[in-house]
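Structural features, examined
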Amino acid sequence: MDPDTPQDGLITLRAQDGRTATAAATIDRYPAGTRIGKAVAFFVGGLVGGTVCIIVPVLHLVTTWALPLAGIVMGLRTLKIERRLSRINGTCPACAKRIELRGGPVKAAIWRVCPECDKDLEIVLG
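Residues numbered from 1 in each chain as written. Predicted model: local features only at pLDDT ≥ 70, side-chain atom pairs only at ≥ 80, totals over all residues. Heavy atoms only, no water.

1. With respect to helix α2 (residues 60–80)
Test applied: Each helix is a run of DSSP H or I of at least 4 residues and each strand a run of E of at least 2, with the numbering of both proceeding from the N terminus. Here, expected helix span is obtained from the residue count minus one, scaled by 1.5 Å. Bend is the name given here to the angle between axes fitted to two runs of seven residues, the run ending at a residue and the run starting at it. To sort residues, take the accessible area from a 1.4 Å probe on protein chains only and compare it with the maximum for the residue type: under 20% means buried, over 50% means exposed, and anything in between is partly exposed. In what follows, a contact means two residues having at least one pair of non-hydrogen atoms within 4.5 Å.
A rise of 1.5 Å per residue sets the reference length of α2, with its 21 residues, at 30 Å; its end C-alpha atoms lie 30 Å apart and thus fit the reference within 8%. At Ala66, α2 shows its maximal kink, close to 25 degrees; a proline, Pro68, follows between one and four residues later. Where α2 is concerned, the buried positions are Thr63, Pro68, Gly71, Gly75 and Thr78. The secondary structure elements touched by the buried residues of α2 are α1 (32–52).

2. Section: the nonpolar core
To be explicit about the condition: Within this scheme, the nonpolar core is defined by two criteria: the residues are buried Ala, Val, Leu, Ile, Met, Phe, Trp, Tyr or Cys, and they are joined through side-chain atoms within 4.5 Å.
Of all hydrophobic cores here, the largest spans 16 residues; its most connected members are Ile11, Leu13, Leu85, Ile88, Ile99, Leu121 and Ile123. Counting only elements with at least two residues in this core, the list comes to β1 (7–15), β2 (20–29), β3 (83–91), β4 (98–101) and β7 (120–125). Not counting residues up to four positions away in its chain, the partners in contact with Ile88 are Ile11, Ala23, Ala24, Ala25, Ile99, Glu100, Leu101, Arg102, Gly103 and Ile123.

3. Regarding the environment of Pro31
Its location among the elements puts Pro31 in the loop between β2 and α1. A relative accessible area of 29% means that Pro31 is categorised as partly exposed.

4. Brief notes about the confidence of the model for the chain
The predicted coordinates of low-pLDDT regions are not to be read in fine detail. What counts, and what does not: A score between 0 and 100, pLDDT records how confident the predictor is in each residue.
In the predicted model, the chain carries a mean pLDDT of 82, and 91% of its residues have values of at least 70. Considering each helix and strand of the chain separately, the mean pLDDT is smallest for β1, with a value of 77, and largest for α1, with 89. In this model residues 1–5 is a low-confidence stretch, pLDDT under 50, and it forms four contacts with partners more than four residues away in sequence or in other chains.

5. Overview of the packing of α1 against α2
The criterion, for reference: Note on geometry: axes are lines fitted to C-alpha atoms, helical ones only across the stretch in contact, with angles between N-to-C directions running from 0 to 180 degrees. The labels follow the angle: roughly parallel below 35 degrees, roughly antiparallel above 145, roughly perpendicular from 65 to 115, and oblique for the rest. Each residue is assigned to one of three groups, with Ala, Val, Leu, Ile, Met, Phe, Trp, Tyr, Cys and Pro labelled nonpolar, Asp, Glu, Lys and Arg labelled charged, and all others, Gly among them, labelled polar.
Between α1 and α2, whose axes approach to 7 Å, the crossing angle comes to 175 degrees. One way to sum up the angle between α1 and α2 is to call them roughly antiparallel. On the side of α1, the interface is formed by Arg35, Ile36, Lys38, Ala39, Phe42, Phe43, Gly46, Leu47, Gly49 and Gly50, while α2 contributes Thr63, Thr64, Leu67, Pro68, Gly71, Ile72, Met74, Gly75, Leu76, Thr78 and Leu79. Its residues assigned to classes, the contact of α1 with α2 shows 11 nonpolar, eight polar and two charged.

6. Things to note about the side chain of Thr78
Along the polypeptide, Thr78 turns up in helix α2. The residues contacting Thr78, other than those within four sequence positions of it, are Arg35, Lys38, Ala39 and Phe42.

7. A word on the state of the cysteines
This is how the line gets drawn: What counts as a disulfide here is a pair of cysteine sulfur atoms lying within 2.5 Å.
Applying the stated criterion across every chain yields a total of zero disulfides. A disulfide-free cysteine, Cys92 has its sulfur positioned 3.6 Å from the sulfur of Cys114, the nearest such atom. For Cys92, a relative accessible area of 2% gives the class buried. Cysteine Cys117 shares no disulfide, and the gap to the nearest cysteine sulfur, in Cys114, comes to 3.6 Å.

8. Points about α1
Convention followed: Each C-beta atom gives one direction from the helix axis, and the arc is the one those directions make.
Across its 21 residues, α1 extends 30 Å between first and last C-alpha, which sits within 8% of the 30 Å expected from 1.5 Å per residue. When we look at burial in α1, the residues that qualify are Arg35, Ala39, Gly46, Gly49 and Gly50. Down the axis of α1, the smallest arc covering the buried residues is 100 degrees, so these residues share one side. Set apart from the buried face of α1 by more than 90 degrees, the exposed residues are Gly33, Leu47, Thr51 and Val52. In this fold, the buried residues of α1 make contact with α2.

Below you can see the structure in the form of structure tokens.
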């Protein structure tokens, strides 16, 4: 199986009162080469953007340091994201309605709010 191919997986949605429901999500995996490439693009983009803005008199006060700093921050953030959830579809364990949630980077705890009942839901992998 190609590690770059998104995979569908089952996850569990857990309400604060302990009720659970099964949902489906797409898990996008980012190999090291892809993450490094994107990070380098952010680093270089920030430096080039800052360099170009030196010639603009008003913008050079902020952009010459802000763009390289933003490039470094975004590059480091990109390096940390190995897997990401997207397209989460399932049933809310609190209100039993069909919901679709946005994903995010896979980390220790992922919390989202049900769009139907506004209850906090924890997303638990496998």
